[in-house]
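Next come the chains, spelled out residue by residue.
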Amino acid sequence: MVFIVIAIICFFLQMIAPWWVIIVISFATCGIIGKTGKIAFWQSFLAIFLLWIGYALFKSLPNDNLLAGRVAVMTGIKLWWALLLVTGFLSGLVAGISGYCGYQFRMAMLAKKTDEKIA
């Protein structure tokens, strides 16, 4: 469920919002519906990893990977597909960490609410 929600919302918001919207969406989604920390991290990571790889391929394949190849050479990677993997991995890592933080934030707020009831 987390995977689908993050992938769909980020797909539409990335058309009009900056790249870092993945952080906000992953944090909020995992803070609301994340079941465990493990699920929050991996589902966020995979959703954004696959979304960014897919979107990059969608934009890159029609022009024979010309721009991706040039950017790859510019960054020193030299292979366009390796650049796509690095981009996907980094964006997935950002989303995964954000999702995990969202889950932990919810757990901290629930613990605080429980402590207030006891006192």
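Remember, predicted model here, so these are calculated numbers, not experimental data.

*Asks:* Can you walk me through the packing of helix α1 (residues 2-13) against helix α2 (residues 21-33) in this structure?
*Replies:* Each packed pair of helices is defined by two parameters, the angle between the axes and the distance between the axes. Viewed as axis vectors pointing N to C, α1 and α2 meet at an angle of 150°, and their least axial separation amounts to 10 Å. Relative to α2, α1 is oriented roughly antiparallel. The crossing of α1 and α2 is right-handed. Of α2, the residues touching α1 (which contributes V2, V5, I6, I9, C10 and L13) are V21, I22, I25, S26, T29, C30 and I33.

*Asks:* It is not clear to me how the nonpolar core should be interpreted in this structure. Could you clarify?
*Replies:* The nonpolar side chains of a soluble globular protein tend to be buried with one another. Among the nonpolar cores identified, the biggest contains 14 residues, and I6, C10, C30 and I48 are the most heavily contacted of them. When contributions to this core are tallied by element, the ones reaching two or more residues are α1, α2, α3 (37-60) and α5 (80-118). The contact partners of I6, leaving out residues within four places of it in the chain, are I25, S26, T29, C30, S44, A47 and I48.

*Asks:* Can you walk me through the environment of A47 in this structure?
*Replies:* Note on placement: A47 falls in helix α3. For A47, a relative accessible area of 1% corresponds to the buried category. Taking C-alpha positions, A47 is 8.9 Å from V5, a pair spaced 42 residues apart along the chain. Residues within four places of A47 in sequence aside, it is in contact with F3, I6 and A7.

*Asks:* Even after reading the chapter, I still don't get the packing of α1 against α3, so can you show me in this structure?
*Replies:* Axis separation between α1 and α3 bottoms out at 8 Å; the angle between their running directions is 40°. The pairing of α1 with α3 is recorded here as oblique in orientation. Between α1 and α3 lies a crossing of right-handed hand. Counting all contacts with α1, which are made through V2, F3, I6, A7, C10 and F11, the residues of α3 involved are Q43, S44, L46, A47, I48, L50 and L51. Its residues assigned to classes, the contact of α1 with α3 shows eleven nonpolar, two polar and no charged.

The rules behind the values
- Residues numbered from 1 in each chain as written.
- Predicted model: local features only at pLDDT ≥ 70, side-chain atom pairs only at ≥ 80, totals over all residues.
- Heavy atoms only, no water.
- Axes fitted to C-alpha atoms, helices over the stretch in contact; angles between N-to-C directions.
- Helix = DSSP H or I, 4+ residues; strand = E, 2+ residues; numbered from the N terminus.
- Parallel < 35°, antiparallel > 145°, perpendicular 65-115°, else oblique.
- Left-handed = near helix turned anticlockwise from the far one by under 90°.
- Contact = heavy atoms within 4.5 Å.
- Core = buried A, V, L, I, M, F, W, Y, C linked by side-chain atoms within 4.5 Å.
- Buried < 20%, exposed > 50% of the residue type's maximum accessible area, 1.4 Å probe, protein only.
- Nonpolar A, V, L, I, M, F, W, Y, C, P; charged D, E, K, R; others polar.

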